[in-house]
Structures are given as structure tokens and as C-alpha cells.
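# Structural characterization, general
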Amino acid sequence: SKFTKGEWENIVVDTNSGYFHKVVTEGESICNITTRNLERAEANAKLIAAAPELLEVCLTAKAMYEAQGIKTDSMIGGEQYSKLLSAIKKATGYV
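Treat the numbers as computed from the prediction; the structure is a model and nothing was measured.

Two strands pair when backbone bridges link them, and strand E2 (residues 18-25) and strand E3 (residues 28-33) are joined in this way by five bridges, in the antiparallel orientation. Along E3, the bridge assignment pairs valine 23 with cysteine 31. Where E2 folds back on E3, the antiparallel hairpin that results is connected by two residues, among which glutamate 26 adopts a positive phi of roughly 45°.

Let's shift gears to helix H2 (residues 78-92). Here H2 is 15 residues long and its end C-alpha atoms lie 21 Å apart, about the 21 Å a rise of 1.5 Å per residue gives. Turning to H2, its buried residues number three or more, namely Gly78, Tyr81, Leu84, Leu85 and Ile88. For H2, the angular spread of buried residues about the axis comes to 110°, placing them on one side. Relative to its buried face, H2 has exposed residues pointing more than 90 degrees away, namely Lys83, Lys90 and Ala91. In the segment just after H2, glycine 93 is the residue with positive phi, at about 90°.

This part covers the side chain of threonine 25. With respect to the helices, strands and loops of the structure, threonine 25 is situated in strand E2. The exposure class of threonine 25 is buried, given its relative accessible area of 2%. Polar contacts involving the side chain of threonine 25 include one to the main-chain carbonyl oxygen of glutamate 7, which spans 2.9 Å. With residues up to four places along the chain from it excluded, the contact list for threonine 25 reads Thr4, Lys5, Gly6, Glu7, Trp8 and Ile30.

Moving on, we come to unusual backbone geometry. Located in the positive-phi region is glutamate 26, a residue other than glycine, with phi close to 45°. With respect to the secondary-structure elements, glutamate 26 resides in the loop between E2 and E3.

Taken as a whole and judged by the stated rule, the model has zero disulfides. Sulfur of cysteine 58: no disulfide; nearest cysteine sulfur belongs to cysteine 31 and is 19 Å away. For cysteine 58, a relative accessible area of 21% puts it in the partly exposed group.

The next point concerns the sheet that holds strand E1 (residues 9-15). Taken in spatial order, the three strands line up as E1-E2-E3 in an open sheet, and their pairing is antiparallel. Among the strands making up the open sheet, the edge pair consists of E1 and E3. For this sheet, the mean angle separating the axes of adjacent strands, direction not counted, is 35°. Here seven bridges tie E1 to E2, and the two strands are oriented antiparallel to one another. Bridging across to E2, glutamate 9 finds its partner in valine 24. This element, helix H1 (residues 38-67), spans E1, E2 and E3 of the sheet and lies at about 0° to E2.

The rules behind the values
Counting of residues starts from 1 at the beginning of each chain's written sequence and follows it residue by residue. Under the rules for a predicted model, residues below a pLDDT of 70 receive no local features and side-chain atom pairs below 80 are neither given nor counted, while totals for whole chains, interfaces and linings still include all residues. For side-chain calculations, the full set of non-hydrogen atoms in the structure is used, while hydrogens and water are omitted. By the convention used here, strands pair only if DSSP detects at least 2 bridges between them. Comment: elements are numbered from the N terminus, with helices defined as DSSP H or I runs of at least four residues and strands as E runs of at least two. Residue count minus one, scaled by 1.5 Å, sets the expected span of a helix. For every residue, the accessible area obtained with a 1.4 Å probe (protein chains only) is divided by the maximum for its type, and the residue is called buried under 20%, exposed over 50%, and partly exposed between those limits. Here the arc refers to the directions that run from the helix axis out to each C-beta atom. The term polar contact refers here to a pair of N or O atoms within 3.5 Å; inside protein, the definition further demands a hydrogen-donor-capable atom paired with an acceptor-capable atom, and it admits residues adjacent in sequence only when both atoms are side-chain atoms. Contacts between residues were defined by any pair of non-hydrogen atoms, one from each residue, lying within 4.5 Å. Only a pair of cysteine sulfur atoms within 2.5 Å qualifies as a disulfide here. Note on geometry: axes are C-alpha line fits, over the in-contact stretch for helices, and angles between N-to-C directions span 0 to 180 degrees.

Below is the structure:
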């Protein structure tokens, strides 16, 4: 994968003009989240920080579906499999 490796974490940055959330890994900034709604900024930062782990779980679930032979919408569990593929593609650009 091309995304930044390592454990991503959400930190709160205190500035002269207020606070903002920052997602970082190993000293590298992934993104800054600023909004007037501090609760929303925190929720967005937590979701972004969890993205690598969520992708890993999605890839594992995809392999489990495929091991069970589920590969199309017409099969039991197929709708969830299609949603899983869509999420993986949204995160990586491919399935």
C-alpha cells in the first residue's frame, strides 16, 4: 500500500487561537482537522487515525468471504461482500 505505514494516532494541538486535531505517525503528520465544532473534529480525527486498522480488517474479511466461496451479490452474504469491496476500493483505488 502507498499510505503512510505505522500506527496512526490522534493528538490535540493547543495553539494561541485554539485547539485542533492532528493525525500523526512516527513524527509524520497525516492530516490536520480544524472545524468550529471541536467534537466533530475529534470524531473525524479518531476515524482517520483508525483507517489503517480498518483497512486491514476489511482485507481479512474479504479473504474470509472468498474462502467461503462468497463472491457475488446473489449469494448469502453477497451484499455485505459487495459493500466490503466498495470500501476497500474507496480506500485503495483497487480491489
